Amino acid sequence: MIDIETMGQSADSAIVAIGAVAFDECGLGEDLYLRISLEEAAKYGKIDASTVLWWLKQEDAAREEITKKGTFDPKEASYVLSHFIRGNSDEDGNVCIWGNGADFDNVILANWYKVLDKPVPWMFWENRCYRTIKSLNRDIEMKREGTHHNALDDARSQAKHLIAIAKAKNIKL
């Protein structure tokens with residue numbers, strides 16, 4: 001499961017945080033959190049004023065998280081995320097990349113890799129949409145953990161919710 005925090009809603013938005021967690025039907029595995037400075041993110045993506053205004057209305061903890069020191073350069077972050085994804089593929093090299101929306105996380109990340117002139121570390125058929133599964137299973141409550149709009153906390157909460165849906169509905173992930 002991958003969750004990103006951006007400064008826009010379009011495919012070419014600036015990415016300021018990436019959270020990723022490996023998981024299967026049994027639970028969560030290794031995770032990864034990458035914070036990218038806004039200044040560096042703006043070199044490779046657009047900043048939308050309405051999204052900046054939206055961020056100003058979010059919890060202090062969420063806003064503070066995307067402005068902390070200790071950030072990755074976007075090219076370094078793309079390398080680290082690619083390594084994480086490849087390291088969590090199956091024995092045949094396949095991996096499912098779950099994102100929250102058919103046209104958000106995965107699309108923005110794939111575009112980001114292209115802008116960085118780096119290969120997208122998954123194939124298009126490996127994209128999965130958590131938002132679709134969630135909307136089809138509204139009877140299974142999501143238990144949010146951590147800070148809402150912290151990319152890693154959101155990725156963990158979404159993965160746990162997807163696991164709960166899979167168990168309740170007997171779906172193979």
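Here, the structure is the one placed above.
An account of the accompanying structure is given in this report. (Residues numbered from 1 in each chain as written. Predicted model: local features only at pLDDT ≥ 70, side-chain atom pairs only at ≥ 80, totals over all residues. Heavy atoms only, no water.)

1. Examining the nonpolar core
Phase 1: Counting 30 residues, the largest nonpolar core has I2, I18, L81, L109 and W112 as the members making the most contacts within it.
Phase 2: The set of elements that each furnish at least two residues to this core consists of β1 (2-6), β2 (15-24), β3 (27-35), α4 (74-87) and α5 (105-115).
Phase 3: Residues within four places of I18 in sequence aside, it is in contact with I2, D3, I4, L32, Y33, L34, I36, L81, L109, W112 and A151.
Phase 4: Counting nine residues, the second-largest nonpolar core is a separate cluster that includes M1, W98, Y130 and A159. (Core = buried A, V, L, I, M, F, W, Y, C linked by side-chain atoms within 4.5 Å. Buried < 20%, exposed > 50% of the residue type's maximum accessible area, 1.4 Å probe, protein only. Helix = DSSP H or I, 4+ residues; strand = E, 2+ residues; numbered from the N terminus. Contact = heavy atoms within 4.5 Å.)

2. Observations regarding the pattern of salt bridges
Phase 1: Counted according to the given criterion, the structure contains eleven salt bridges.
Phase 2: A salt bridge links R156 to D31, with the shortest nitrogen-to-oxygen separation between them at 2.4 Å. One end of the pair, R156, is in helix α7 (residues 151-169); the other, D31, is in strand β3, and 125 residues separate them in sequence.
Phase 3: With its nearest N and O atoms 3.0 Å apart, the salt bridge here joins D154 to R144. Of this pair, D154 sits in helix α7 while R144 sits in the loop between α6 (130-136) and α7, placing them ten residues apart in sequence.
Phase 4: Residue class for R144 comes out partly exposed when judged on its relative accessible area of 37%. (Salt bridge = Lys/Arg side-chain N within 4 Å of Asp/Glu carboxyl O.)

3. Examining the packing of α4 against α5
Phase 1: Look at α4 against α5: their axes get within 11 Å of each other, and the N-to-C directions meet at 120°. The orientation of α4 relative to α5 falls into the category oblique. Taken as a pair, α4 and α5 cross one another with a handedness that is left-handed. Judged by residue contacts, P74, A77, S78, L81 and S82 of α4 engage L109, W112 and Y113 from α5.
Phase 2: A class-by-class count of the residues in the contact of α4 with α5 yields six nonpolar, two polar and no charged. (Axes fitted to C-alpha atoms, helices over the stretch in contact; angles between N-to-C directions. Parallel < 35°, antiparallel > 145°, perpendicular 65-115°, else oblique. Left-handed = near helix turned anticlockwise from the far one by under 90°. Nonpolar A, V, L, I, M, F, W, Y, C, P; charged D, E, K, R; others polar.)

4. Comments concerning the pairing of β2
Phase 1: Across the ten residues of β2, nine count as buried, placing the element largely inside the fold.
Phase 2: Inspection of the sheet shows β2 paired to β3 by seven bridges, in the antiparallel sense. Its bridge partner lying in β3, G19 is registered against Y33.
Phase 3: Following β2, the chain reverses through two residues before pairing antiparallel with β3. (Pairing = 2+ DSSP bridges.)

5. Here's the deal with the packing of aromatic side chains
Phase 1: A complete count under the given rule lists four aromatic pairs for this structure.
Phase 2: Relative to W55, the ring of W54 lies with its centre 5.1 Å away and its plane at 80°, an arrangement referred to as edge-to-face.
Phase 3: For W55, a relative accessible area of 4% puts it in the buried group.
Phase 4: Ring centres of Y113 and W122 lie 6.3 Å apart, and the angle between their planes is 90°; this geometry places the pair in the edge-to-face category.
Phase 5: Taking relative accessible area as the criterion, Y113 reaches 0% and is therefore assigned buried.
Phase 6: Put simply, the rings of W112, Y113 and W122 pair up and form one aromatic cluster. (Phe/Tyr/Trp six-rings, centres within 6.5 Å; stacked < 30°, edge-to-face > 60°.)

6. Looking at α4
Phase 1: With 14 residues, α4 should reach 20 Å at 1.5 Å per residue; the first-to-last C-alpha distance of 20 Å fits that figure.
Phase 2: Lining the buried residues of α4 we find β1, β2, β3, α1 (38-41), β4 (97-99) and α5.
Phase 3: Sitting at the head of α4, D73 places a side-chain oxygen 2.9 Å from the backbone nitrogen of K75. (Expected span 1.5 Å × (residues − 1). Polar contact = N/O pair within 3.5 Å; in protein donor to acceptor, adjacent residues only side chain to side chain.)

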